[in-house]
Amino acid sequence: MSRRVVRGVAGAALAVEAVLVGCRAAGVRTPGAVLAGAAALVACAMAVECVVLGRLWLAARRAGAGRRDAVGAVVRTAAPGPVRRLVAHEARALSSLGLWVLRRRHGVPEDALAVPYTGPQTAMVYGLLFVALVETLVLALLIPWPVVHSVVLVLDAYGVVFVLAFHASCVTRPHVVGADGALRIRYGALFDVRVPAGTVASARVERRCPEGGSARVGADGVLDLAVGGQTTVTVELTSPVTFVRPLGKHGSARTVRFHADDPGAVVTALVRGPRKSP
């Protein structure tokens, strides 16, 4: 019941705010009584949320949770799982901008082989970035209403940053072939599949153009993780590997197909097996 109260009141407040912003943007004069009522609704929503979330926090504390664990329990109760995962993906993507600037990579040990995979999408990403910049400039010149102008400018600017962050997450999070033969297949901050050492039955260079989205699991237990609509490496496993989709759904696959800019190097490293330390 507490979760429904929080989401219901917050949704009503956001709906009212959206209507008022639309009226202001269209130049519709809003009576003072309506503005006062909207302000009262927002204040009421904030008060209800504070009370409900405070009760959830206290309940977690009484159950023996620490302060940080109690905050985590409140977030898990108030926000749906897919929303939390999307926010986490977005935070990781934005943090990748710093790694990109510093020329660092995430999760690549010194004795491991890093396998880039951004080749097919680089031109597309920079083209999308150019279009977003042009759109931002054009709309900044055409929109006459100050409120709409500000909102659109902020959204477009964040869109440009997010496109860069997405590409940065793919550059700084390559596939990884460990010294022990383990394989880590990634797609930016969205997808991360770990294949334990010793479970790779075979690996070969094989260029395919699977249908569907970037990540698709077929009925035959084949996971296609395409970049630019193509995969170049096929890895067959001795036992199924489990993974988590971007929104939290679990899956498993016995065969994994993914793209690598240098597929030959990946296949050579996997076929060679564990490397001995010098």
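Residues numbered from 1 in each chain as written. Predicted model: local features only at pLDDT ≥ 70, side-chain atom pairs only at ≥ 80, totals over all residues. Heavy atoms only, no water.

A. Region of interest: the side chain of Arg173. One can find Arg173 in the loop between α6 (146-172) and β2 (175-177). At 2.5 Å, the side chain of Arg173 forms a polar contact with the side chain of Ser96. (Helix = DSSP H or I, 4+ residues; strand = E, 2+ residues; numbered from the N terminus. Polar contact = N/O pair within 3.5 Å; in protein donor to acceptor, adjacent residues only side chain to side chain.)

B. A look at a nonpolar patch on the surface. A grouping of Phe130, Val131, Val134, Val138, Leu141 and Leu142 is seen on the molecular surface, where their side chains present a nonpolar patch of about 620 Å² in accessible area. For Phe130, the position within the fold is in helix α5 (residues 119-142). Of the residues examined, Phe130 reaches a relative accessible area of 56% and is grouped as exposed. (Patch = residues over 30% accessible without salt bridge, like charges linked within 9 Å, V, L, I, M, F, W, Y side chains within 5 Å. Areas by Shrake-Rupley, 256 points an atom, 1.4 Å probe, with all protein chains shown as cover. Salt bridge = Lys/Arg side-chain N within 4 Å of Asp/Glu carboxyl O. Buried < 20%, exposed > 50% of the residue type's maximum accessible area, 1.4 Å probe, protein only.)

C. How the structure looks around empty space enclosed by the protein. Using the criterion set out here, one finds one cavity of 30 Å³ or more in the structure. Contributing to the lining of the largest cavity are Thr136, Leu139, Ala140, Ile143, His149, Val152, Leu153 and Asp156. Counting only elements with at least two residues in the lining of the largest cavity, the list comes to α5 and α6. Residue contributions to the lining of the largest cavity peak at four residues, all from α6. Its residues assigned to classes, the lining of the largest cavity shows five nonpolar, two polar and one charged. (1 Å grid on protein atoms, 1.4 Å probe; cavity = no way out; pocket = protein on both sides within 12 Å on 5 of 7 lines; lining within 4 Å. Points joined across faces, edges and corners; volume = space filled by probe spheres on them. Nonpolar A, V, L, I, M, F, W, Y, C, P; charged D, E, K, R; others polar.)

D. The packing of aromatic side chains, seen in detail. Inspection of every chain in the model, using the stated rule, returns four aromatic pairs. Taking 5.9 Å as the distance between ring centres and 75 degrees as the angle between the ring planes, the aromatic pair formed by Phe166 and Tyr187 counts as edge-to-face. Residue Phe166 is located in helix α6, and its partner Tyr187 is located in strand β3 (residues 183-187); the two are separated by 21 residues in the primary sequence. (Phe/Tyr/Trp six-rings, centres within 6.5 Å; stacked < 30°, edge-to-face > 60°.)

E. How the structure looks around the sheet that holds strand β1 (residues 113-115). An order of β1-β2-β3-β4 is seen for the four strands of this open sheet, with the pairing classed as antiparallel. Strand pairing shows two members of the sheet lacking a second neighbour, β1 and β4 (191-195), which therefore form its edges. The average undirected angle you get between the axes of adjacent strands in this sheet is 15 degrees. (Pairing = 2+ DSSP bridges. Axes fitted to C-alpha atoms, helices over the stretch in contact; angles between N-to-C directions.)

F. Highlighting the nonpolar core. With 27 residues, the main nonpolar core has Leu183, Val235 and Phe258 as its most contacted residues. Breaking this core down by element, the ones donating at least two residues are β3, β4, β7 (222-225), β8 (231-244), β9 (250-258) and α7 (263-272). For this core, the element with the highest residue contribution is β8, accounting for five residues. Non-local contacts of Leu183, meaning those with residues more than four positions away in its chain, are made with Val176, Val177, Val193, Arg194, Val195, Val235, Phe258 and Leu270. (Core = buried A, V, L, I, M, F, W, Y, C linked by side-chain atoms within 4.5 Å. Contact = heavy atoms within 4.5 Å.)

G. Inspection of the sheet that holds strand β5 (residues 200-208) at higher detail. Taken in spatial order, the five strands make up an open sheet running β5-β8-β9-β7-β6, and their pairing is mixed. At either end of the open sheet lies a strand with only one pairing partner, and these are β5 and β6 (215-217). Taking the axes of each pair of neighbouring strands and ignoring which way they run, one obtains an average angle of 35 degrees across the sheet. Here eight bridges tie β8 to β9, and the two strands are oriented antiparallel to one another. By the bridge assignment for β9, Val244 is matched with His250.

H. The arrangement of the layout of surface pockets in detail. Roughly 220 Å³ of volume is contained in the largest pocket. Elements with a contribution of two residues or more to the lining of the largest pocket: α4 (81-101), β3 and β4. Top element by residues in the lining of the largest pocket is α4. It accounts for five residues. Per-class residue counts for the lining of the largest pocket are five nonpolar, three polar and seven charged.

I. Broad picture of the pairing of β7. A two-sided burial pattern is seen for β7, the buried positions comprising Val222 and Asp224 on one face and Leu223 and Leu225 on the other. Pairing analysis gives three bridges linking β6 to β7, with the strands arranged antiparallel. Paired with Arg216 across the two strands is Asp224, which belongs to β7. From the end of β6 to the start of β7, which pair antiparallel, there are four residues, and Gly221 there has a positive phi angle of about 80 degrees. Taken together, the four bridges between β7 and β9 define a ladder with parallel strand orientation. The partner of Val222 across the bridge, within β9, is Thr255.

J. A look at the pattern of salt bridges. As enumerated under the stated definition, the model contains six salt bridges in all. One salt bridge connects Asp192 with Arg184, and the closest N-O pair in it is separated by 2.6 Å. A residue is classified by how much of its surface remains accessible, and Asp192, at 31% relative accessible area, is partly exposed. Under the relative-accessibility criterion, Arg184 is labelled buried at 13%. For Asp224, the salt bridge goes to Arg257, with nearest N and O atoms at 3.4 Å. Here Arg257 lies in strand β9 and Asp224 lies in strand β7, a separation of 33 residues in the sequence. Assigned by exposure class, Asp224 and Arg257 land together as buried. A single salt-bridge network, built from bridges that share partners, covers Arg204, Glu206, Arg208 and Glu236.

Fair warning: the whole summary comes from geometry, so function is off the table for now.
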